[in-house]
Amino acid sequence: MTSHAPIGVAVVGYGLAGQTFHAPLIEATPGLTLTAVVSSRPEAVHADLPDVEVLPNLDAALARDDIGLIVVATPDALHAEQSIAALKARKSVVVDKPFAATLEQAEAVAAVAAEAPGVFSVFQNRRWDADFLTLRRLIAEGALGDVAVFESHFDRFRPAVTDRWKDQRDGGVWADLGPHLIDQAVQLFGPPLAVYADLQAQRQGATAIDYAHVLLRYDRLRVILNMSHLAAEASLRYVVHGTGGSFIKHGLDAQENQSKAGLRPGDPDWGLDPLPGVLTKQIGGQTLRTTPTPERGDYPAFYAAVRDAVRGEAPPPVPADQALTVMRILDAGLRSAAEGREVSL
């Protein structure tokens, strides 16, 4: 049996991403040790992680020989610069999505990652949502036949514009939530032929995009991605129609809220889907509805795969080329909305 020394990890940033996603998942992954957090709020870190060292800046983490993996969980504008610095310091890197603020920056990161000795991966955690895993299984089993329409929603009701950086970021909700929906669509169907995007700032006083309605055009398949901050009824998640049936899903994956509530991977309810989707078929002129057994959400699978990649035992779970595909579609959406036309890929 081969033994491995634990991989020391530093999380850079302790906002929503670092606190809710990265730190708990790293702590739950055998073979990874959360060694340090880079943050200007040591009291917030120590309230959750009393035994974890708080470092003042990224350079302090890069100088440590006991840290082999850097997790970049800072605002988007810092992702490219910090990822490149860590890769050049011969560290492995996980970066939150989108992994750069622009396509040009993303291509620069990918170029450095291709030459660096460390592993590079992007945190596309919603590949491991319970409902997405269930839908992926249904498509693979042929339960929906040939999919004709895939509609994916990530709506919210946040009518007041805040001074948070996410409400001011370039790209707005398209840059924030778009990478999730794009990545899921590409995982199911591959890259589209073209993109048409309607992006708008709808809320009073909004300067960043808070509404996105985007069509990804394939040969016959149509993929519709919808994000809004003005949806008081925001439960619709998937509408999927195919030659074999339809799958309708309400409710968002539970893992984020479970983490916020203090649950941790390994708890009995972790990843359970509280509102399974409904599969509808037309057979012999009759409408038949069933509730397929839902998969369990599995965000810990991402960091288990990262650990194995750093050990040299497996490829990174979300490599740079896959993340670049998402960035190209994000960029095409911005150009489509600005020019009022479909943009070919």
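The written sequence of each chain sets the order in which its residues are numbered from 1. With the structure being a predicted model, the display of local features is reserved for residues of pLDDT at least 70 and the display and counting of side-chain atom pairs for 80 or more, all residues being used for whole-chain, interface and lining totals. Hydrogen atoms and water are omitted, and side-chain values are computed over all heavy atoms in the structure.

Peer 1: Whenever I open this one, the side chain of His180 confuses me. Can you help?
Peer 2: Numbered from the N terminus, helices here are DSSP runs of H or I no shorter than four residues, and strands are runs of E no shorter than two. Within the secondary structure, His180 sits in helix α8 (residues 178-189). Here's how the labels work: a residue is buried when its accessible area is under 20% of the maximum for its type, exposed when over 50%, partly exposed in between, all with a 1.4 Å probe on protein chains only. Here His180 falls in the buried class, since its relative accessible area comes to 8%. Once residues lying within four places of it in the same chain are set aside, the contact partners of His180 are Lys97, Gln124, Asn125, Arg126 and Phe154. What makes two residues a contact is simply this: any of their non-hydrogen atoms within 4.5 Å.

Peer 1: Is there a simple way to explain the nonpolar core in this structure?
Peer 2: The tendency in soluble globular proteins is for nonpolar side chains to be buried side by side. Judged by nonpolar contacts, the single largest core of 98 residues is most densely connected at Ile70, Phe99, Phe120 and Tyr303. Element by element, the count of residues in this core is highest for helix α11 (residues 320-339), at eight residues. Those residues within four positions of Ile70 in sequence are excluded, and the remaining contacts are Ala10, Val12, Leu58, Ala61, Leu62, Ala86, Lys91, Ser92, Val93 and Val94. The definition of a nonpolar core used throughout is a set of buried Ala, Val, Leu, Ile, Met, Phe, Trp, Tyr and Cys residues joined through side-chain atoms within 4.5 Å.

Peer 1: Looking at this structure, I do not really get unusual backbone geometry. What am I missing?
Peer 2: Peptide bonds are mostly trans, and most non-glycine residues show a negative phi. Note that the residue after Lys97, namely Pro98, is joined by a cis bond; omega there is -15°. Structurally, Pro98 can be placed in the loop between β5 (92-96) and α5 (103-115). One non-glycine residue, Arg90, lies in positive phi territory at about 70°. Looking at the element boundaries, Arg90 is found in the loop between α4 (76-88) and β5. Residue Arg90 is classed as exposed on the basis of its relative accessible area, which comes to 62%.

Peer 1: Explain the pairing of strand β10 (residues 222-228) to me, please; I cannot follow it from the model alone.
Peer 2: Regular strands have side chains that alternate between both faces of the sheet. Taking burial as the measure, the seven residues of β10 include five buried ones, the bulk of the element. Two strands qualify as a pair provided that DSSP identifies no fewer than 2 bridges between them. In terms of strand pairing, strand β9 (residues 211-217) meets β10 through seven bridges, oriented antiparallel. Across the sheet, the residue bridging to Leu215 is Ile224, located in β10. The hairpin formed by β9 and β10 contains four residues between the paired strands.

Peer 1: Can you walk me through the pairing of strand β4 (residues 69-72) in this structure?
Peer 2: Of the two faces of β4, the one holding Leu69 and Val71 and the one holding Ile70 and Val72 are both buried throughout. Inspection of the sheet shows strand β1 (residues 7-12) paired to β4 by four bridges, in the parallel sense. Across the sheet, Val12 pairs through a bridge with Val72, a residue of β4. Bridging between β4 and β5 involves four bridges; their strand directions are parallel. By the bridge assignment for β5, Ile70 is matched with Val93.

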